[in-house]
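Chain residues, written in single-letter form:
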Amino acid sequence: MTQNTKKFEMVIWDWDGTIMNSTPTIVECMQQSCRDLGMPVPSDQMASHVIGLGIIESIRIAMPTVAEADYPLVLERFRHYYLGKDHELILFEGIRELLSDLKANGHILAVATGKPRVGLNRSLDNHQLNDLFHDSRTADETRSKPHPQMLLELMEKWAIPAHKIVMIGDTTHDLKMAKSAGVRAIGMTYGAHSTEELMAHEPLACFDNVDDLRRFLME
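It should be emphasised that the depicted structure is a prediction, and the values quoted were computed from it without experimental measurement.

About the thresholds
- Sequence order as written defines the numbering, with residues in each chain counted from 1.
- Residues qualify for local features only when their pLDDT is at least 70, as the model is predicted, and side-chain atom pairs are given and counted only at 80 or more; totals for whole chains, interfaces and linings, by contrast, use all residues.
- Values reported for side chains reflect all heavy atoms of the structure, with hydrogen atoms and water molecules removed beforehand.
- In this description, a line fitted to the C-alpha atoms serves as the axis of each element, helices being fitted only across the stretch in contact, and the angle between N-to-C directions of two axes falls anywhere from 0 to 180 degrees.
- In DSSP terms, a helix is any run of H or I states spanning at least four residues, a strand is any run of E spanning at least two, and both are numbered starting from the N terminus.
- Should an angle fall under 35 degrees it is taken as roughly parallel, and over 145 as roughly antiparallel, whereas 65 to 115 is taken as roughly perpendicular and any remaining angle as oblique.
- In this scheme the crossing of two helices becomes right-handed for a clockwise turn of the near helix relative to the far one and left-handed for an anticlockwise turn of less than a right angle.
- We call two residues in contact whenever any of their non-hydrogen atoms come within 4.5 Å of each other.
- Residue classes follow a fixed rule: Ala, Val, Leu, Ile, Met, Phe, Trp, Tyr, Cys and Pro count as nonpolar, while Asp, Glu, Lys and Arg count as charged, and any other residue, Gly among them, counts as polar.
- A carboxyl oxygen of Asp or Glu within 4 Å of a side-chain nitrogen of Lys or Arg is what we treat as a salt bridge.
- Burial classes: relative accessible area under 20% of the type maximum marks a residue as buried, over 50% as exposed, and values in between as partly exposed (1.4 Å probe, protein chains only).
- Side-chain rings of Phe, Tyr and Trp, where Trp is taken by its six-membered ring, are said to pair if the distance between their centres is within 6.5 Å; with planes under 30 degrees apart they count as stacked, over 60 as edge-to-face, and otherwise as tilted.

Caption draft 1: The packing of helix α2 (residues 23-37) against helix α5 (residues 71-85), seen in detail. Relative to each other, α2 and α5 sit at 135°, their axes nearing to 8 Å. In terms of orientation, α2 and α5 fall into the oblique class. Every pair of crossing elements has a handedness; the one defined by α2 and α5 is right-handed. Of the residues in α5, those touching α2 at Thr-25, Ile-26, Glu-28, Cys-29, Met-30, Gln-32, Ser-33, Asp-36 and Leu-37 are Leu-73, Val-74, Arg-77, Phe-78, Tyr-81, Tyr-82 and Lys-85. Looking at the contact of α2 with α5 residue by residue, the classes come out as 9 nonpolar, 3 polar and 4 charged.

Structure, rendered in C-alpha cells:
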C-alpha cells in the first residue's frame, strides 16, 4: 500500500450517481410521477439537482408548488415507477472492482446516501455488494444531506478522525456535507452535478471516470 492510499482509513460513498448509474432513471421517475398527478413537472436540471437529498427534501425543492399534504401521492407514484426500473440499474464500470480492492487493502468502506434504508438494502442485495461495505447511513435514519450528521455518526462509531476520511460523491450535497464534517471530498462528474458546480466546493479532485479515481486512491 502506498502513502497516498494510507491517507484514507475510511472511504465513504454516495450511492445514486456515484456507485449506481441511476441519475437518468431517478429524473424520469420524478417527472412521470408529476405528469400522472397533473402537477408541474420539474426540468431535467431541477430534478437532477435534488438527487442525493432525502426524498421529502427533494420534493420540497424540485416541486415547490406541491402541497405538503400531497407528498404521499408523489412518493407513491415515484416508488411505483422506480421499483419498475430498479432491476435495470447498473453499477458504473469498474466500481465493484475498486471497492473490492480498497477493502482488501484494509480500508473501512461506508455508504452515506439520500436513499431510504429499504431502498439501499434492496440495491445492495440486487448487486451483491453487502460484503464490501462495513457500514452505511440513510436519509430516513438520520439527517438528510447536506447536514453532516451521517458522516459524524460514522466517524464517531469507527473512531476515525476527519482527516483520515474521504467522501466520494457526484453532487454538491455530498461535498457540502463533507466540508461541514471536516472531511475531505472527491467529486465524480459523471452523475447529477457538473464539474463547475463540484469544483466550487473545493474537493481534493474531480474525476469523470472510475479508472482515474482508482489511480488517485491506489497509486
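Caption draft 2: Layout of the pattern of salt bridges. For the structure on display, the rule yields 15 salt bridges. For Arg-137, the salt bridge is made with Glu-153, and the minimal N-O distance between the two is 2.8 Å. Pair noted here: Arg-137 is in strand β3 (residues 135-138) and Glu-153 is in helix α8 (residues 149-158), with a separation of 16 residues, a long-range link. Looking at Arg-137, the relative accessible area reads 14%, which means it is buried. For Lys-145, the salt bridge goes to Asp-174, with nearest N and O atoms at 2.6 Å. With Lys-145 in the loop between β3 and α8 and Asp-174 in helix α9 (residues 172-181), the pair connects residues that are 29 residues apart, well separated along the chain. What makes Asp-174 buried here is its relative accessible area of 1%. A cluster of three or more residues bridged by salt bridges with shared partners is formed by Asp-135, Arg-137, Glu-153 and Lys-157.

Caption draft 3: The packing of aromatic side chains, seen in detail. What the rule picks out here adds up to 4 aromatic pairs. Pairing Trp-15 with Phe-133 gives two aromatic rings, centres 6.1 Å apart and planes at 55°, and the pair type is tilted. Taken together, the residues span a long stretch of sequence, with Trp-15 in the loop between β1 (10-13) and α2 and Phe-133 in the loop between α7 (117-126) and β3 at a distance of 118 residues.

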